[in-house]
Every structure is written in C-alpha cells, then in structure tokens.
Amino acid sequence: MSILDLPPTPDTADPVVLPGLLSGLGITKSRVPEWITDPGLIASIEAGLIDIPDELVGEGT
C-alpha cells in the first residue's frame, strides 16, 4: 500500500495527513520522545509496536 492508494480528499476539506497514518503505512518512522533513551524501547516505537501519544512526543522530535 502506498500514499497513492488513499482515497482523494474532498475539494471542500483542508488537506490533512496525520503522522500516525504515515508511520502506520511505513512511509515514515514513528516519532520517539527525546527523553526515551532505551535502545530496545526506541526500536519498538519506531517499528510501530508501541504508540506514544502526540502530547508526550512534543514538537521537533
């Protein structure tokens, strides 16, 4: 599946692509908070096995 397989956005809607959707499709890696330093936990988050809420990730990570 690629981003081209997604349904078109209606003309009246603002275009929005959620980071979770992109990482779920394997297009981008999941964002990891800077305060997480355990390599195994980082790998699990990047693989999408653990979901971190956006409010815990913060901006710029």
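Note that the coordinates shown come from a computational prediction; the quantities given were computed from them, not determined experimentally.

Undergrad: Tell me about the overall build of the protein, and name the residues and values.
TA: Helix and strand counts for the protein stand at three helices and zero strands. N-terminal to C-terminal, the α/β element order of the protein is α-α-α. Across the 61 residues in the protein, those meeting the buried criterion constitute 13%. For the protein, the share of sequence-separated contacts (at least 6 apart) that also reach a separation of at least 24 residues comes to 26%.

Undergrad: Can you explain the environment of Thr 28? Please cite residues and give values.
TA: Note that Thr 28 resides in the loop between helix H1 (19–24) and helix H2 (39–46). Classification of Thr 28 as partly exposed rests on a relative accessible area of 36%. Sequence spacing of Thr 28 and Glu 46 is 18 residues, and the spatial spacing of their C-alpha atoms is 9.0 Å.

Undergrad: Can you tell me about the nonpolar core, naming the residues and giving the values?
TA: Of all hydrophobic cores here, the largest spans five residues; its members are Val 32, Ile 36, Ile 45, Ile 52 and Val 57. Every residue in contact with Ile 36, bar those within four places of it in the chain, is listed here: Leu 41, Ile 42, Ile 45 and Ile 52.

Undergrad: So, the environment of Ala 43: which residues are in play, and what are the values?
TA: One can find Ala 43 in helix H2. Using a relative accessible area of 42% as the deciding quantity, one classes Ala 43 as partly exposed. On a C-alpha basis, the gap between Ala 43 and Ser 30 in space is 9.7 Å, while along the polypeptide they are 13 residues apart.

Procedures and definitions
Residues numbered from 1 in each chain as written. Predicted model: local features only at pLDDT ≥ 70, side-chain atom pairs only at ≥ 80, totals over all residues. Heavy atoms only, no water. Helix = DSSP H or I, 4+ residues; strand = E, 2+ residues; numbered from the N terminus. Buried < 20%, exposed > 50% of the residue type's maximum accessible area, 1.4 Å probe, protein only. Contact = heavy atoms within 4.5 Å. Core = buried A, V, L, I, M, F, W, Y, C linked by side-chain atoms within 4.5 Å.

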